[in-house]
Amino acid sequence: MPADRSAPTSQLNLHDKVVVVTGASDGIGRAAVQQFAEAGAHVVMVGRNEAKTRAAANAIMSASGRRDITWAIADLSRQDAVRELALRLREAHPQIHVLANNAGAMFLERQETVDGLEQTFALNHLSYFTLALQLLPSLYAAGAPGAPARVVNVSSRAHENAKLDLDDLQLTRGFGGWRAYANSKLCNIWFTRSLSRRLDTTRVVTHAMHPGVVSTRFATNNGRMGRLLRGFMDVVSITPDAGADTLVWLSGADDAARDSGYYWQKRRLRTPSRTAQRDDWADSLWARSATLAGLDADLLLQQAREMHGQS
């Protein structure tokens, strides 16, 4: 068993690395920012609410003693906002060592975004897809053989309950809040596997992970039913610090630099559901996601590689 799987965060290879964390103002994201800062990283917090994100950044800087945490505001359910965020990040940070795709939510009622997409799918999956692809130039610039940049996608064991119809990704038929959430977490694993197969993994690696059932404000955006669900989850949940541990470990551990495209829990490789291992379906999701996002995904990958002298 590799020795550094029990390594404390302070021993991870994160000193002076640029780390972007989405969904960073609360819960797992905020806990991860704290751990990244304590490990010496320069963290960019991405949140939807400016006052809340700024307050969280100031609190973490006060607690950690670091003064270089910055923040960016974006509604990641909107594709135009994801693109604009990526442009700002690329301009501010020509090298990004870690992208932690953590933003997510569950909506008990079906809602559509300004792009006409089901809200859970748009936020929990398509934002991961677009942001990672748009940040490839900075990720490739930061990565090197033996020290690749990393894309870490927060998924969930909920993917085991997915009932995803590739011809109805927006759940126009048979919508359920839990089904939409489980489907989106399956999409996270499929995206991780598809992206890994297309990357030069000596320069950039990618992983999906299950944080555990974490005590956060998750689902409280859904009124009384959401609060009841949150109350039940709190009984069996772990702390945000514990939930963030594997995310931060995957971002800096040597083990996670040697692997790519896998699914992790508690710093251990896990086998996802049989459906999650269907790479033909994952490739179909890749193509459909690119169409929905209006991106030539494979061209973006090729351009990022050529930009850094790779064929």
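Check the entry above for the structure.
About the thresholds
- Residues numbered from 1 in each chain as written.
- Predicted model: local features only at pLDDT ≥ 70, side-chain atom pairs only at ≥ 80, totals over all residues.
- Heavy atoms only, no water.
- Helix = DSSP H or I, 4+ residues; strand = E, 2+ residues; numbered from the N terminus.
- Buried < 20%, exposed > 50% of the residue type's maximum accessible area, 1.4 Å probe, protein only.
- Expected span 1.5 Å × (residues − 1).
- Arc of directions from axis to C-beta.
- Polar contact = N/O pair within 3.5 Å; in protein donor to acceptor, adjacent residues only side chain to side chain.
- Pairing = 2+ DSSP bridges.
- Axes fitted to C-alpha atoms, helices over the stretch in contact; angles between N-to-C directions.
- Contact = heavy atoms within 4.5 Å.

Participant: Tell me about the environment of A59, and name the residues and values.
Facilitator: With respect to the element layout, A59 can be found in helix 2 (residues 50–64). Residue A59 is classed as partly exposed on the basis of its relative accessible area of 33%.

Participant: How would you explain helix 2 if you had to name every residue and give the values?
Facilitator: Along its 15 residues, helix 2 runs 21 Å from first to last C-alpha, staying within 8% of the 21 Å computed at 1.5 Å per residue. Buried within helix 2 are the following residues: T53, A56, A57, I60 and M61. Seen along its axis, helix 2 keeps its buried residues to an arc of 130°; they face one direction. Those residues of helix 2 that are exposed and angled more than 90 degrees off the buried face are S62 and A63. One side-chain oxygen of the residue at the start of helix 2 lies 3.1 Å from the amide nitrogen of A51, identifying that residue as N49. At the C-terminal side of helix 2, G65 shows a positive phi close to 85°.

Participant: Give a description of the sheet that holds strand 3 (residues 70–73) that names residues and reports values.
Facilitator: Two modes of strand pairing occur in sheets, parallel and antiparallel, and in both the strands are linked by backbone hydrogen bonds. Read across the open sheet, the eight strands follow the order 3-2-1-4-5-6-7-8; overall the sheet is mixed. The outermost strands of the open sheet, each flanked by one partner alone, are strand 3 and strand 8 (268–270). Taken over all neighbouring pairs, the strand axes of this sheet differ in orientation by 25° on average, direction set aside. As defined by bridge partners, strand 2 (residues 42–47) adjoins strand 3 across four bridges and the pair is classed as parallel. Within strand 3, the residue paired with G47 across the bridge is I73. With respect to the sheet, helix 2 is in contact with strand 2 and strand 3, its orientation differing from that of strand 3 by roughly 165°.

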